[in-house]
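Breakdown of the fold
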Amino acid sequence: MWQRLAGFVLKYRLLLLLLLLAGTGVMGYYASKVQMSYDYVATIPHDNPKFIEYQEFKQKFGGDGNVLMLAVQTDKFFQADFFKDYVQLNKDMKNVFAVENIMSVPMAINLVKNDSTQKLEASLLFKGDLGNQVVIDSLSRVFNTLLFYKGLLYNPDSHAYLMAIYVNKDVFNSPKRTGVVKEITKLANAFQEKQHTEVHLSGLPLIRTAMAVKVADELKLFLKISFLLTGLILFLFFRSFGAVLMSMIVVAIGVIWSVGTIVLMGYKITLLTGLIPSLIVVIGIPNCVYFLSKYHTAYAKDANKTRALVHMIQRMGIVTLFTNLTAAIGFGVFCFTNSAILKEFGVVAGLNIMFIFLISFIFLPSVLSYLPAPKSKHTNYLENRFFAAILDFLTTLVFKYRPWVYGVSVIAIILAIVGMGRLQSVGYMLDDIPHTDKLYTDLKFLETNFKGVMPLEIAVDTKRKNGVISLQTLNRLDKLTQLIGSQPDFGRPLSVVEGIKFAKQAYFNGDSSNYAVPNEFDLGFLAPYLRMKGNSNATGATSTFSKLVSSFMDSTKQVARLSVNMKDVGSQKLPVLLDSLRPKVTEIFDTAHYKVTFTGTSVIFQEGTRFIINGLMESIILAFVLIMLCMLYLFRSWRMLIISLIPNVIPLVVTAGVMGWVGVALKPSTVLVFSVALGIAIDVTIRFLVNFKQELPRHDFDISATVKQTIHETGLSIIYTSAILFAGFMIFSFSEFGGTKALGWLTSLTLVVAMITNLTILPALLLWMEKALLKKARKKELWKTLDEEEDIDIAQLGISDKE
């Protein structure tokens, strides 16, 4: 079959190259239309109960996570020169496109009782001559008595002050958000330089934008580095610019097809799909190495270029097909998860790994047939003394020190299993950002002074209309507020009850001791005043305050909302924290009359992390099963299946053990390593065992001689490709994202260990099971899926044999 395919490719090479070129042109057209993803990609399925609760919450209250926070820490905040510039900063921020509202000290609203109208009038507190220190001091004393803002806009203990910038969520789900964040950052930096006071910026809009920009920059950088690095390694191996250029063209076509596929599938570039072009480079290059290496080996035997090309396709076609198939399975199983971001990654990666096989299968033989025959300098690498010495050393280990090979492997496995017991599964919102990055340090500043920026929402359903504004519910909400506020990981909660308490304080002429929930006696006098009125100088303050209070109730006043920012405690601690609160919340709100729901971005993130990790673990098991079926089909022997799996299970166990020992947590980015590495590492096993099967009849079914020959013939290309894959994945270890960095060095570690186990344990196992394998081999059951080695008849294939 593969000999006939070789004849077809060489006979119709020009037509196939033109079709490949045309297809690449079409894919290039679509690739030019690729876009970055600015939308929040759901990591949990839409039928998940927590996702449904979050969607119901957004329908009632409009969502969360659209606040960007700016904080400063200074003792001179109310000094005239500083405060005047801070007021101007507020005005400048308000004029930035997509900024809808600002809550800060200069924008603070005060409620004042008007006895003549029996109304509470809302107006800006800080007004008048704000360049006058006496005026500022007077107003600041009033501000400090307004307990509504304490812990919300300022921290009296640390002298930190907060500006909450509410942004348009639609704009921040579009490319325009980058420009908005740049403008806000520019204004913050200008204020920082003028006042010599550090400005801290954080919040989900900023975090999402900053990470998207970093992803885009890294994609371009890593793609360039992967091309240069793999090209350099190829030249060091083959000493031929032609071989390097051909390989680079193959992977360049593969990259174009991968980006085009993203567009054709209706996807956009995300943190995961953005890795695919670089992955195509490091996976496509080994195809080129194996094809070129086999071509050079075949040509060195009889110096016939056409026969060498047919031999290359015949011998390496099925090997490369199955190695690419297993790699595609390793990635492709993600499309069976219910996570949208994993599904996109799995579909695009799986398809394009098979595309890179097709591209290399057509392009390399066709182009090589037009090029001159290789010169001796191009095949000198086949006799490299350094690598020959390494292969001799490995052969000695396998044949003379087999017990040591088994012993070292057992010790490594035991240590790895102990390390696996230290593994922890935890994820953080800014897990992948370096701890020295300003994005991270600013988040920690806000956590220290304002208990964080991660939004948590608590919805209290009273199960009746107007149930929220009943005195009983208000008292219960106040108890919930005190409970949440007493927790060390939660900030100052905000709900409708805080607005009612603020109104009571205003009714009693700003006396801070009256900042409390009104009793039945108070309500008789306070009720008329709650229908607030704005004066001519209010400048929309009344409307702003009314909107603020009403945003914490639904339109029917049946459901109340309590919003609080919290620390990024991680996916492991958050569910424990919420579970510890639920019994106390139940004591406050009996389940017969109330329904309390914890939701918000923090809960969705925690659930998404758990869901992705579980989905990845299931995907690894599925990938393992599918790869087992491929190996069973290829070798038709349970013994060979066991032999092939052992050298690939050990690297995964060792990597998991190393993660445990060095403290790398199980999270989406690190669990991804195992499925990816399994799909790629099994390639080495397939190449080794297929070559072993093909060589076995040539050595009169002498297992020992065949193993020795396979180590020397296949081992060289295995070392070359492992070096390329190692270097290719190590590029990712220079990423600013912790997850991408872990993906890089952990995958590289797995592939190096897989290379070692496949060149030591695999041949050792073949020798150990020599008698059983020999019996199978003599019955010709060991290579039923492969073409038996036939004499190559060039004329029969319909191609010319011209040198």
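I will try to describe carefully the structure that is included in this document.

Definitions and cut-offs
Throughout this document, residue positions are counted from 1 along each chain, in the order its sequence is written. Local features are withheld for residues below a pLDDT of 70 in this predicted model, meaning they are given only at 70 or higher, and side-chain atom pairs are given and counted only at 80 or more; totals for whole chains, interfaces and linings count all residues. Only hydrogens and water are set aside when side-chain values are computed; all heavy atoms of the structure are taken into account. Salt bridge, as used here, is a side-chain nitrogen of Lys or Arg placed within 4 Å of a carboxyl oxygen of Asp or Glu. The helix and strand labels rest on DSSP assignments: H or I over at least four residues marks a helix, E over at least two residues marks a strand, and numbering proceeds from the N terminus. Only protein chains enter the accessibility calculation, which uses a 1.4 Å probe; a residue whose area is less than 20% of its type maximum is buried, one above 50% is exposed, and one in between is partly exposed. Each nonpolar core is a collection of buried residues, namely Ala, Val, Leu, Ile, Met, Phe, Trp, Tyr and Cys, held together in the definition by side-chain atoms within 4.5 Å. Whether two residues are in contact is decided by their heavy atoms: any pair within 4.5 Å suffices. Put plainly, a pocket is an open set of points on a 1 Å grid over the protein atoms alone with protein on both sides within 12 Å along at least five of seven lines, a cavity is a set where a 1.4 Å probe fits but cannot get out, and a lining residue has an atom within 4 Å of a point. Grid points are joined across faces, edges and corners, and a volume is the space filled by probe spheres set on the points. For this classification, Asp, Glu, Lys and Arg are treated as charged, while Ala, Val, Leu, Ile, Met, Phe, Trp, Tyr, Cys and Pro are nonpolar and the rest, including Gly, are polar. Aromatic contacts are taken between Phe, Tyr and Trp rings whose centres are within 6.5 Å, Trp giving its six-membered ring; a plane angle under 30 degrees counts as stacked, one over 60 as edge-to-face, and the others as tilted. Simply put, an axis is a line fit to the C-alpha atoms, just over the touching stretch for a helix, and the angle between two N-to-C directions goes from 0 to 180 degrees. Take the far helix as the reference: if the near one is turned anticlockwise from it by less than a right angle, the crossing is left-handed, and if turned clockwise, right-handed.

Take the pattern of salt bridges next. The final tally for this structure, using the stated rule, is eleven salt bridges. Asp590 is the salt-bridge partner of Arg476, the closest N and O atoms lying 3.9 Å from each other. Taken together, the positions of Arg476 in helix H15 (residues 471-485) and Asp590 in the loop between helix H19 (573-588) and strand E10 (595-599) put the pair 114 residues apart, joining distant regions of the chain. You can call Arg476 buried: its relative accessible area is 18%. For Asp590, a relative accessible area of 25% gives the class partly exposed. Between Asp489 and Lys573 there is a salt bridge, with the nearest N and O atoms lying 3.1 Å from each other. A residue pair is termed long-range when its members are at least 10 positions apart, and Asp489 in the loop between H15 and helix H16 (496-507) and Lys573 in helix H19 qualify at 84 residues. Asp489 gets classed as buried once you look at its relative accessible area, which sits at 9%. Classification of Lys573 as partly exposed rests on a relative accessible area of 40%.

Turning next to the nonpolar core. One finds Phe331, Phe363 and Phe729 to be the most contacted residues of the largest nonpolar core, which totals 148 residues. Setting aside anything within four residues of it in sequence, one finds Phe331 in contact with Leu279, Ile283, Phe345, Gly346, Ala349, Gly350, Ile353, Val676 and Ile680. If you look at the next biggest cluster of nonpolar residues, it comprises 109 residues, including Phe126, Tyr440, Leu474 and Val603.

What the rule picks out here adds up to six cavities of 30 Å³ or more. As for the largest cavity, its lining consists of 14 residues, and the residues nearest its centre are Pro286, Ile680, Asp683, Arg687 and Leu725. Residue assignment for the lining of the largest cavity shows that the elements contributing at least two residues are helix H9 (276-302), helix H10 (305-332), helix H22 (668-695) and helix H23 (703-730). Residues belonging to the lining of the largest cavity are distributed by class as follows: eight nonpolar, four polar and two charged. Each pocket or cavity is described by its volume, and for the second largest cavity that value is around 80 Å³. Every residue along the wall of the second largest cavity is listed here: Met429, Met454, Met566, Lys567, Asp568, Val569, Gly570, Ser571, Leu574, Ser602, Phe605 and Gln606.

Another aspect to go through is the environment of Leu689. Checked against the element boundaries, Leu689 lands in helix H22. Counting along the chain gives 370 residues from Leu689 to Val319, while the straight-line C-alpha distance between them is 9.5 Å. In contact with Leu689, not counting residues within four places along its chain, are Phe635, Met640, Ser644, Leu762 and Leu766.

The subject of this paragraph is the packing of aromatic side chains. One pass over the structure, following the stated rule, counts 29 aromatic pairs. Their ring planes at 5° and their centres at 3.9 Å tell us that Phe77 and Tyr161 sit as a pair that is stacked. With Phe77 in the loop between strand E1 (67-73) and helix H4 (80-94) and Tyr161 in strand E6 (residues 160-167), this pair connects stretches of sequence that are 84 residues apart. The same class applies to Phe77 and to Tyr161, which are both buried.

Relative to each other, helix H21 (residues 638-662) and helix H24 (residues 738-768) sit at 145°, their axes nearing to 8 Å. For the pair H21 and H24, the crossing hand works out as right-handed. Grouping the amino acids of the contact of H21 with H24 by side-chain chemistry returns 20 nonpolar, five polar and no charged.

Read these as geometric descriptors, not functional statements.
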